[in-house]
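Structure at a glance
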Amino acid sequence: MNSKKIRMAVIGLGHMGQYMLRLAAQPEFAQAIEIAAICEANEQAREQFQHTYQDSFPHAAWYSDYAALLEETDVDLAYISVPPAFHYEIAMEALRRKIHVFCEKPLANSVEEAWELLQQAREAQVVHAIHFSMPHEPSVERVRSMLEEKAIGEIRKLDLILQFPQWPRSWQQNSWIGTRQQGGFVLEVGVHWIHVIQKLLGRITHVQSELELPEQSGLCETGIRAGLRLDSGIPVHLSGISGFAGEERVSLILYGTEGTIALENWDQLYTGAVGQPLEPVQVEDSADALPVLRQVIQAIQGKPARYFTFQDGYDAQAVLEALRHPASSGWEDIRPEYS
């Protein structure tokens, strides 16, 4: 095995970009990777972050332009954490240069962009990872094992509930997350659950969606009512709303012939037999697959790794765009998108 450190570029210093820098500074990751370059387009933010992180990464080159970074800096891995509208151009340029890519979700800003990125990634023959982490979470892994054991019998239906008293939430204020073009809770949060559902139960093949949109045309959805259908025929009902008095709720409920599994508020797991109340399930904190950066490093080093590729990103994007851009004819068969 080559012990040479992986030279990594971090492109975009929003919430996740800063998280990745903090992660890279930890001893485990500092032994394997070197932050070779950091890019932030906002001049004021770049100066602030450079002051904050220069002691941790004294040899990193700082850029305002990703193209200059990729042209001038020798990097092995590009981590992309910019608004979704810019994923395509940055990831495509990195892939053309045969640089490994680790991209935030969603993969792109359209199905067409996601498909082109997948094809380019295959051609480049590099590691192409998307930052989906939920299937590695202990609660989701426990759900998977319960389904394999048929703990609640055959699955009859799923409910996905996305409720946000305020969107964007107080900690995620930026210029794009509340826009119709590249923001909204369906995109930002729903994409995680689309991916989880498809990893647990197979592909979603049909979508019927109805959005509640504000009068101001540039703003994202305030509600969604949607039906999805898995390849197996299992129906999924999606209900989402923002802007109300109450508590945030992000939950997936699986109804079986012999019981129910509820994954409430991301990671609180409950189950019960038919006719009985739901009871909490103890989940061991054993997610050694996290953080996903560990898996990406192992993949680049040629070691066994558990991570999700641009194929997973594309599969989620096909469903996501059908939800965000409802078909006028009602149910939409999205299977041709998988060809």
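Residues numbered from 1 in each chain as written. Predicted model: local features only at pLDDT ≥ 70, side-chain atom pairs only at ≥ 80, totals over all residues. Heavy atoms only, no water.

As annotated in an unreviewed UniProt entry, the chain is Oxidoreductase domain-containing protein from Paenibacillus dendritiformis C454.

**Here's the deal with the domain arrangement of the chain**
Here the chain is partitioned into domain 1 (6-133 + 291-309) and domain 2 (134-288 + 318-333). A C-alpha centroid distance of 27 Å is found between domain 1 and domain 2. Each partner contributes to the interface: domain 1 provides 18 residues, whereas domain 2 provides 20 residues. For the pair domain 1 and domain 2, the two sides together bury roughly 1,600 Å², of which 58% comes from carbon and sulfur. Our enumeration of links across domain 1 and domain 2 arrives at two salt bridges. One salt bridge in this structure joins lysine 105 and glutamate 188, with 3.1 Å as the shortest N-O distance. At the surface where domain 1 touches domain 2, the tally comes to five residue pairs in polar contact (both at pLDDT 80 or more). At three residues, helix H9 (residues 292-300) tops the list of elements feeding residues into the side of domain 1 that touches domain 2. Classifying every residue of the side of domain 1 that touches domain 2 gives nine nonpolar, six polar and three charged. (Domains from an automatic or database assignment. Contact = heavy atoms within 4.5 Å. Buried area = accessible area lost by both parts, 1.4 Å probe. Salt bridge = Lys/Arg side-chain N within 4 Å of Asp/Glu carboxyl O. Polar contact = N/O pair within 3.5 Å; in protein donor to acceptor, adjacent residues only side chain to side chain. Helix = DSSP H or I, 4+ residues; strand = E, 2+ residues; numbered from the N terminus. Nonpolar A, V, L, I, M, F, W, Y, C, P; charged D, E, K, R; others polar.)

**As for empty space enclosed by the protein**
Over the atoms a probe the size of a water molecule is rolled, and this reveals where empty space is left. Counted by the stated rule, this structure contains one cavity of 30 Å³ or more. Empty space within the largest cavity amounts to approximately 30 Å³. For the largest cavity, the full set of lining residues is Leu160, Ile194, Ile197, Ile204, Leu228, Val236, Leu238 and Leu323. Those elements that place two or more of their residues in the lining of the largest cavity are helix H8 (185-201) and strand E10 (235-242). Here the residues of the lining of the largest cavity sort into eight nonpolar, no polar and no charged. (1 Å grid on protein atoms, 1.4 Å probe; cavity = no way out; pocket = protein on both sides within 12 Å on 5 of 7 lines; lining within 4 Å. Points joined across faces, edges and corners; volume = space filled by probe spheres on them.)

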